[in-house]
Amino acid sequence: MIARGKNASDLFPAVVKNVACKNIEVKKLVYVYLVRYAEEQQDLALLSISTFQRGLKDPNQLIRASALRVLSSIRVPIIVPIMMLAIKEAASDMSPYVRKTAAHAIPKLYSLDSDQKDQLIEVIEKLLADKTTLVAGSVVMAFEEVCPERIDLIHKNYRKLCNLLIDVEEWGQVVIINMLTRYARTQFLSPNQNAEAASLAKRKPYVMDPDHRLLLRNTKPLLQSRNAAVVMAVAQLYFHLAPKAEVGVIAKALVRLLRSHSEVQYVVLQNVATMSIKRRGMFEPYLKSFYIRSTDPTQIKILKLEVLTNLANETNISTILREFQTYIRSMDKDFVAATIQAIGRCATNIGKVRDTCLNGLVQLLSNRDELVVAESVVVIKKLLQMQPAQHSEIIKHMAKLTDNIQVPMARASILWLIGEYCEHVPKIAPDVLRKMAKSFTNEEDIVKLQVINLAAKLYLTNSKQSKLLTQYVLNLAKYDQNYDIRDRARFIRQLIVPTEKSGALNKYAKKLFLAQKPAPILESSFKDRDHFQLGSLSHLLNAKAVGYQELPDWPDEAPDPSVRNVEVPEWTKCTSREKRKEKVEKPFYSDSEGESGPTESADSGEGLGSTVGCQAEVPRVDEGHERGMLAWSTAGHRAVPTGLWPARALLTACVSPCPPVTPPPPQPVPTSNIVSTSLVTDLEGLTLTDTSLAPALLSPALGALRSYELLHRMTGEGLSVEYCFSRRPFPHDAHMVAVQMQICNNTDAEVKSLRISAPKPLSGTRIHEFPEIESLAPGDTASVVMGIDFCDSTQAANFQLCTHTRHFYVSIQPPVGELMAPVFMSENEFKKEQGE
Amino acid sequence: EKAVDVENVPPVIPTPHHYLISIYRDKIFFVSVIQTEVPPLFVIEFLHRVADTFQDYFGECSETAIKDNVVIVYELLEEMLDNGFPLATESNILKELIKPPTILRSVVNSITGSSNVGDTLPTGQLSNIPWRRAGVKYTNNEAYFDVIEEIDAIIDKSGKVIYELIFVSCILLPGCELALTLCPLFQNPRLLDDVSFHPCIRFKRWESERVLSFIPPDGNFRLISYRVSSQNLVAIPVYVKHMISFKENSSSGRFDVTIGPKQNMGKTVEGVVMTVHMPKAVLNMNLTSTQGTYTFDPVTKVLTWDVGKITPQKLPSLKGIVNLQSGAPKPEENPSLNIQFKIQQLAISGLKVNRLDMYGEKYKPFKGVKYITKAGKFQVRT
C-alpha cells in the first residue's frame, strides 16, 4: 500500500504490534512501515521503542546496529534524549559496524533536533579518531552534514584519512575526497603560483607540504576505480589541488568514463567542458574520443561539440572542421544548429580559418532547412562584424535572402548587417528598406526594431533616397501595438529629424548610430563555471544548490602544518629493542600507500575475521591475534594509533618475557641487583609480590603523569574535572586503581554537595567514591582521590558526577598501562613465576 | 520544457525546492529526489547499482518484474540505503540478507511459511573484502577467464578509419572453494593503457610487477577493463561497401550494402547484425538479401539486418528500393550503419594471458582462458 502511495497510517497500531514478531521478514517490513509513519503517530510509535532499547543491548553486533538504525530513523522528537544516549553508547561500541551505524545516525538526529549539535560534534570528534576503514566514510559524511565548518576537527585525523582512503568502501571514498579537497584548499599553499609573483615577493621557492603530496599520492590509484563517482571525485581533487604538470593524469580516466552509461557521460562531459577551457592541453591527445556518433542522444552530442570546440587550436582545426562538416548534414536539427554555432566559435578564436569557415557557412545559406539557414545567418553576422570591408558580396547575398527567410532572429540579423554596413552596399540598402516597409506590420517585434534601426541609419547616410521611406516607417511604428517600438520610433525621430526644438544631440546622431562597434566575442557557456567545485551538483546546474560548500581560495600564508602532527603518548617514545627490531623487519611501513594493514592480513588467507575479532577483544592474548594486531597497528600510519599501543606493548610483554618492556615509567632503575627494569604484571590481576614495595619506587614517575579530561567546562556548565592515574596504590582496596581528580569550579556561584552517585558498574567494575565535597567556591580547585577496580579490562567505568543542581554522566577509560603495577623480584623469583 | 525523446531527458532536473536525478534503463526511469548538494555522479552511480541489483535478482529489470516483487524491492532498498547514504551495495552481501526469488523457493515458502529473508546475519558486511561470501562451496574447482575485446570505431564515408579504440574487459568465472590468488600474467602488459580494476585487485603488485593478484568474489565479475594504447592500432576485421542514395524529386531511393571480412587469421566473423536508423521521411523499404533476414520497423524507422556468419566465398549483401513519403524533401544525410559482430578465439589486439597461477590451495583447480573479439560502438558513416 505504501508503494501505491496510499495512506496506510490508520493501521498503525495493528502493524506496530508486530514489531516483536519472530519472523524476520515481517519484522523488516514493520521497520519500513514504522520509519514511514512514526512521525505522524508519535504516541503510538513510542510503544515500539522499548523493543529497540532491548535490541541495543543485544550481544550480537548486527542486531545492535539494526536496532540503532531503526531507532534513529523514527522521527519523534520526544525520544531525542534516548537517541542521543544510544548514539553515544554505540560510538564507543567494540564493533566497528555498530560505530559505523552510530555515524549514520548522527545526521538523522541532527535533522530532527539541531539543538543537539554540540553534543553530536563531540561524538563526531570521537568517531573521527577511529581507525577502522568501515567507520571513516560514514563519519566524514556525518561531519559534512553537521559541522562542515569545524575544519579543525580534521587536523589530527588528516594523515590517517589519507592513508586509509584506499581501503574505505567506495561511497565513503567519494565523501572523504570531497571533504579533503576543501580541507587542502584551506591548509596548503597553491602549487601553481607563477614564478614572477613569487620572485617579486621574494619568497622562498615553493615547496609542497609533505601532507599535500601525501594526499595527491594516495588518491591517484583511485582513478582506476570502477565507480565513476570515485573517479570524478579524484579528478576534481587533482584539478583543484595538483600542480599544473600533474593534472594530466586525470584525462585518461575521464575519457574512460565516456564509455559508460549516457547519464554518466552527460555529467562527465559537463566537467570535461569546464576543464578543457582552462587546461586545453590535457585533453588534446584524446580529441578523437569526443567524436560524435549519430546514435548519441542530442544532449550528449551538444556537450561533445562543446568540448571539441574548446579543444580546437591551429594544429587540429582542419580535422575538427572536417568532422563538423559531417555533423552539419545530420538529421538532428538542434544538433546542426549547435554545430554552426561551434564553427562560428572556432572561426573567431582561430583567425587562420576564418575565411574558410565563412565560405562554408555561406554555402549553408542555400540549405533547405530554414533553421540551419537562420542559424548560419546569425553566426555570419557575428563573423562579419570582425572584418566587414572584404565581404560586401556576402552582405549582398544575404540581402537577397530576406525574401525567403522567415525566422525572425535571422531576418533581424540581416537587417542589422545591412544597416551597419550600408556604405558597402549603397544600392541595395534602400531597396531592402522599401521591401521591409511594405511588410512592416506583419513582422515580429524584433524585426520591426531592426527595420527602424535600418531606416535611421539610411536616413543619416543616404537621406536623399530614403527620407520618405524613413518617415513612412516611423509613422507606422508610431501606432504600433508594442510600446517598445513606439518608444523607439519617437526617440529616433527626435534624434535624426532636425527640428527647431531638437537640441545639440541632433548633431551627434551620426556618431551615435554609426559608431565603431566592437566585435562580439563568442564564448563558451562553460567559461565561468570553474568557480564551483567540479563534480558538484552546483557546477552541473551552474547555480548554487542548497548546502553547497564554497571551495575556499588558497591561503596566502600556509597555516601551521604542525597541527596535523598527532601527539604520540610519551611512553611510546621509549623505543624498546623489540620495537626497533620490528621496524627493521618492516621498513617504512608507515609510508606504504597502496596496501595497508587490513589488506595485508586479508591476503594472508585468514580474512578479516581475525582482524575484527582482535579489535573487539583487545586484552586477549594469543598468537593468532597478535598477528592481526601487528597488521592493525601498522595500518599505514605514521602516527601510532594511541589506543592500540598499550595492547601491543602488552602483547609483546606477555609473549616474549626475556627483554622486558616497560610501558609506564621510562626512568632507569637505580638499583643494580634487580635484573629487569620492571616485571611483567600478569593480566589476571595477580599481584605477585606484596604491594608495599611499590609506592616508594614509583614516586619519581609522577612527573610524567598525564591528565585526562573527565568533564569539559562547557559541558559541565562551568565545572571542569580532570583526572590522572596517580600510580599509587589505593589505600582502601589493593585491587583498585587510584584516580586523582582535579575539580575546578569556573562558575560564578558556589557548587554544593559534589559527589559521585549511582555508579552503573559494568560487570564487576567497582568504584570507591571520594568523600562528598560540601561546597566549592567559585574559582577554587579541589583535589580528590577515588578508586576504581577495572577488573583488568579496558572497559570504561561509567558513573554520575552530581552537584546540588545537575548530574553529569562521565566515564573513565583506562589505558592498559595504567592497570599494571611494577613489581620487584629477584631473577630467581622471576623464573619461578615464569615457570608457573 | 518537454523532451521529445526519452534519451534526451536531462539526468539532472532542478525544481524550486528539489533536484531530480534520473537514469533511464530498460525503459524504466529511476528517479531520486535530492534536497541538498551532492555529487551527481554519486547518485547516478548508485541508481545504476540499484538497477543492476534488480537485474541480478529478478533476471530482468522491467516494470512487471518490479511490480511482482514489490516486497523484495522494498527490502532491498532498505538494505542499500540508510538515510540517503549507500549502505550495502555489494550483491553478495545482499543475497545473503535477502535471498533472490526462484520458483522453487516460492513454492517451498508458501508451503512451509518460511521467508526470503535470510535468517543468518551476513558477516561479509563487516569485513574488508565485502565481495566474497564466507564459506562458499563448489562441487568442482575451476576458473574461467574470458577476455573480451571490443572495437569501437568510426569509419567515414570513403572507408577510412577515423577513430578506433580497443576496449578490453576480462571477466572471471571463478568456481573455487576458497580464496585464491590468481596471477594472470599478461604477455605484453605494455599494451595496456588506462586500466580500471575491481576493488579486489591489489594495486601495489600491479604497480611493481605488472601482475594481478586478488581474491576473487564468487560469481561472475569484471576483473579489469582497459584500453589498448592507440599507437598499436590493428586492422578492423570487417569492411562495408555501401551505396545509399535518394533521388531528387522522386519518392524513392536506392539502398545497397555489402559486408565482407578482412584478413582474420583464419577465424570466421559471426553474429553479424546491422542496424540503421533511417531518416524520418522513409515510408518503407523493399529489399532483398542474399543471406540472413531483415526487418524494417516503419514506426521507429529502424532497419535491422541479421546476417549471421560471413563466408569469404559469398559475401552477404542487401539491395533494394527505399520508398519515401511523397512530397517530403529528400533527406540530406545518409544514415549511419551500426554493425555488430563477434569473432571467437581471437584477441585482435594481440594480447595474451600468459599464465594463470593459483596460490593458496593444495589441489589443482581446472582453469581456462577464452578470447572473444566483438564490435563495441562500431559505426560506418555513409
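Before going into details, it helps to say that this report is about the structure given with it. Every value quoted in this text rests on a predicted model; they were computed, and no experiment measured them.

## Some thoughts on the overall build of chain A
For chain A, the helix and strand inventory stands at 37 helices and nine strands. Counting the 836 residues in chain A, one finds 54% classified as buried. Taking contacts inside chain A between residues at least 6 apart in sequence as the whole, the part at least 24 apart equals 66%. Total accessible area computed for chain A in this model is approximately 38,300 Å², and 52% of it derives from carbon and sulfur atoms.

## Things to note about the interface of chain A and chain B
Counting residues at the interface gives 94 residues for chain A, matched by 87 residues for chain B. Taking both sides of the interface into account, the surface hidden between chain A and chain B amounts to around 8,100 Å²; carbon and sulfur atoms contribute 57%. In terms of surface lost to chain B, no three residues of chain A exceed Trp171, Arg259 and Arg293 of chain A, which account for 11% of the buried area on that side. Summed over the shared surface of chain A and chain B, the result is six salt bridges. A salt bridge links Arg259 of chain A to Glu150 of chain B; the nearest nitrogen and oxygen atoms lie 2.7 Å apart. At the boundary of chain A with chain B, the tally comes to 15 residue pairs in polar contact (both at pLDDT 80 or more). Class assignment for the residues of the side of chain A that touches chain B results in 41 nonpolar, 29 polar and 24 charged.

## Describing the packing of aromatic side chains
Per the counting criterion, the structure on display carries twelve aromatic pairs over all chains. Here the aromatic rings of Phe324 of chain A and Tyr327 of chain A are separated by 6.0 Å at their centres, their planes lie at 50 degrees, and the arrangement is tilted. Highlighted residues: Phe324 of chain A and Tyr327 of chain A, both in helix α18 (residues 317-328), separated by three residues, approximately one helical turn. Just as Phe324 of chain A is buried, Tyr327 of chain A falls in that class too. For the pair Phe341 of chain B and Phe378 of chain B, a centre-to-centre distance of 5.5 Å together with 80 degrees between the ring planes defines the contact as edge-to-face. Of this pair, Phe341 of chain B sits in strand β18 (residues 337-344) while Phe378 of chain B sits in strand β20 (residues 366-380), and the two are 37 residues apart along the sequence. Residue classification places Phe341 of chain B among the buried positions, given a relative accessible area of 3%.

## A short note on a nonpolar patch on the surface
On the surface, Leu29 of chain A together with Val70 and Val71 of chain B cluster together to form a nonpolar patch covering roughly 190 Å² of accessible area. Among the secondary structure elements, Val70 of chain B is positioned in helix α3 (residues 70-80).

## Remarks on the nonpolar core
If you look at the biggest cluster of nonpolar residues, it comprises 228 residues, and the most contacted ones within it are Met275, Phe283, Phe290, Phe324, Met398 and Ile496 of chain A. In terms of residues, this core owes the most to one element, helix α13 (residues 228-241) of chain A, which gives twelve residues. Excluding anything up to four places from it in sequence, Phe324 of chain A contacts Leu305, Leu308, Thr309, Thr339, Ala342, Ile343 and Cys346 of chain A. Residues Phe203, Phe255, Ala281 and Val307 of chain B belong to the second largest nonpolar core, which totals 59 residues.

## Brief notes about a negative patch on the surface
All names here are of chain A. On the surface, Asp118, Glu122, Glu125, Glu709 and Glu722 cluster together to form a negatively charged patch. No other element matches the three residues that helix α7 (residues 117-128) contributes to the negative patch. Topologically, Glu709 is positioned in strand β1 (residues 707-711). Since its relative accessible area comes to 48%, Glu709 is described here as partly exposed.

## Re the sheet that holds strand β8 (residues 797-802) of chain A
Residues and elements named next belong to chain A. Ordered by their spatial adjacency, four strands build an open sheet running β6-β4-β8-β9, and the pairing between neighbours is antiparallel. Edge positions in the sheet fall to β6 (773-776) and β9 (807-812), since each has one partner strand and no second. Each strand axis lies, on average, 30 degrees off the axis of its neighbour in the sheet, ignoring direction. Pairing geometry for β8 and β9, over six bridges, is antiparallel. Bridge pairing in β9 links Phe799 to Val810.

## A short note on helix α4 (residues 61-73) of chain A
Residues and elements named next belong to chain A. Taking 1.5 Å of rise per residue, the 13 residues of α4 would be expected to cover 18 Å, and the 18 Å separating its terminal C-alpha atoms lies within 8% of that figure. When you tally the buried positions in α4, you get ten out of 13 residues, the bulk of the element. By the burial criterion, the buried members of α4 are Leu62, Arg64, Ala65, Ala67, Leu68, Arg69, Val70, Leu71, Ser72 and Ser73.

## With respect to the side chain of Asn69 of chain B
For Asn69 of chain B, the position within the fold is in the loop between α2 (63-68) and α3. Residue classification places Asn69 of chain B among the buried positions, given a relative accessible area of 17%.

## A word on the pattern of salt bridges
The full count for this structure, using the stated rule, is 23 salt bridges over all chains. For the salt bridge of Arg434 of chain A with Asp431 of chain A, the shortest nitrogen-to-oxygen distance reads 2.9 Å. Of the two residues, Arg434 of chain A and Asp431 of chain A are both situated in helix α24 (residues 428-439); the distance of three residues between them amounts to about one turn of the helix. Several salt bridges share partner residues, and in doing so they unite Arg69 of chain A together with Glu78 and Glu79 of chain B into one network.

Quick notes on the rules
- Residues numbered from 1 in each chain as written.
- Chains lettered and ligands numbered in written order.
- Predicted model: local features only at pLDDT ≥ 70, side-chain atom pairs only at ≥ 80, totals over all residues.
- Heavy atoms only, no water.
- Helix = DSSP H or I, 4+ residues; strand = E, 2+ residues; numbered from the N terminus.
- Buried < 20%, exposed > 50% of the residue type's maximum accessible area, 1.4 Å probe, protein only.
- Contact = heavy atoms within 4.5 Å.
- Areas by Shrake-Rupley, 256 points an atom, 1.4 Å probe, with all protein chains shown as cover.
- Buried area = accessible area lost by both parts, 1.4 Å probe.
- Salt bridge = Lys/Arg side-chain N within 4 Å of Asp/Glu carboxyl O.
- Polar contact = N/O pair within 3.5 Å; in protein donor to acceptor, adjacent residues only side chain to side chain.
- Nonpolar A, V, L, I, M, F, W, Y, C, P; charged D, E, K, R; others polar.
- Phe/Tyr/Trp six-rings, centres within 6.5 Å; stacked < 30°, edge-to-face > 60°.
- Patch = residues over 30% accessible without salt bridge, like charges linked within 9 Å, V, L, I, M, F, W, Y side chains within 5 Å.
- Core = buried A, V, L, I, M, F, W, Y, C linked by side-chain atoms within 4.5 Å.
- Lys, Arg positive; Asp, Glu negative; His and termini not counted.
- Charge placed at Lys NZ, Arg CZ, Asp CG, Glu CD.
- Pairing = 2+ DSSP bridges.
- Axes fitted to C-alpha atoms, helices over the stretch in contact; angles between N-to-C directions.
- Expected span 1.5 Å × (residues − 1).

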